[in-house]
Amino acid sequence: RIAFHQASQNARLTIHLCLHGCGGESRIQIGMKSLRWELGKVNVFDDSFLHRVRIDPRKERWILHVMTTHPGMDTPAKFEEAMHGGRLWPS
């Protein structure tokens, strides 16, 4: 079990792809929404929101975990606009 935590900024997205051991009681909770991993299906979330993970210890689970730039800030101009518009934190 991983307790609630969050990123210190909101300029990225987190991508999870379950490669093995999907199902069971394992899940990720982002805010009030709870998601389960499904084999070959992608979950994308903003990890600046509080989130936690519960892992089913009876099943080995493999997740491909990738972080990428938030599409709202994928160019220097968009990043600058987000900074000056107060949409990026910490500022």
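Please read all numbers here as calculations on a predicted model, not as lab measurements.

The rules we used
- Residues numbered from 1 in each chain as written.
- Predicted model: local features only at pLDDT ≥ 70, side-chain atom pairs only at ≥ 80, totals over all residues.
- Heavy atoms only, no water.
- Helix = DSSP H or I, 4+ residues; strand = E, 2+ residues; numbered from the N terminus.
- Contact = heavy atoms within 4.5 Å.
- Disulfide = S-S within 2.5 Å.
- Buried < 20%, exposed > 50% of the residue type's maximum accessible area, 1.4 Å probe, protein only.
- Phe/Tyr/Trp six-rings, centres within 6.5 Å; stacked < 30°, edge-to-face > 60°.
- Lys NZ or Arg CZ within 6 Å of the ring centre and 35° of its normal.
- Pairing = 2+ DSSP bridges.
- Salt bridge = Lys/Arg side-chain N within 4 Å of Asp/Glu carboxyl O.

K.L.:
I'd love a proper account of the environment of Arg61, names of residues and values included.
P.N.:
Looking at where Arg61 falls in the secondary structure, it is placed in the loop between strand S6 (51–54) and strand S7 (62–69). For the pair formed by Arg61 and His20, sequence separation is 41 residues and the distance between their alpha carbons is 5.4 Å. The contacts of Arg61, once residues within four sequence positions are left out, are His20, Gly21, Ser26, Trp37, Val53 and Ile55.

K.L.:
Explain the environment of Met32 to me, and be specific about the residues and the numbers.
P.N.:
Within the secondary structure layout, Met32 lies in the loop between strand S3 (27–30) and strand S4 (33–35). Taking the C-alpha atoms as reference points, Met32 and Leu50, 18 residues apart in sequence, are found 9.2 Å from one another.

K.L.:
Could you give an account of the state of the cysteines, naming the residues involved and the relevant values?
P.N.:
Tallying each qualifying case throughout the model produces one disulfide. Here Cys18 pairs with Cys22 through a disulfide, and the sulfurs are 2.0 Å apart. The chirality of the disulfide connecting Cys18 with Cys22 is left-handed, given an S-S dihedral of about -115 degrees. Across the pair, exposure class does not vary: Cys18 and Cys22 are buried alike.

K.L.:
Any chance you could break down the packing of aromatic side chains for me, citing the residues and the numbers?
P.N.:
This model, assessed by the stated rule, comprises zero aromatic pairs. Across the ring face of Trp37, the terminal group of Arg61 is positioned such that the distance to the ring centre comes to 4.3 Å.

K.L.:
With reference to specific residues and values, describe the pairing of S6.
P.N.:
Regular strands have side chains that alternate between both faces of the sheet. Of the strand pairs in this sheet, strand S1 (residues 2–5) and S6 are connected by two bridges, and their pairing is antiparallel. Paired with Ile2 across the two strands is Val53, which belongs to S6. Note that S3 and S6 share four bridges and pair antiparallel. By the bridge assignment, Arg27 is partnered in S6 with Arg54.

K.L.:
If you had to explain the pattern of salt bridges to someone new, which residues and values would you point to?
P.N.:
Counted under the stated rule, the structure contains four salt bridges. Linking Asp47 and Arg12 is a salt bridge whose minimum nitrogen-to-oxygen distance equals 2.8 Å. Of this pair, Asp47 sits in the loop between strand S5 (42–45) and S6 while Arg12 sits in strand S2 (residues 12–20), and the two are 35 residues apart along the sequence. We note a salt bridge from Asp74 to Lys78, for which the minimum N-O separation is 3.1 Å. Looking at Asp74, the relative accessible area reads 45%, which means it is partly exposed. The partly exposed category is assigned to Lys78, whose relative accessible area is 34%.

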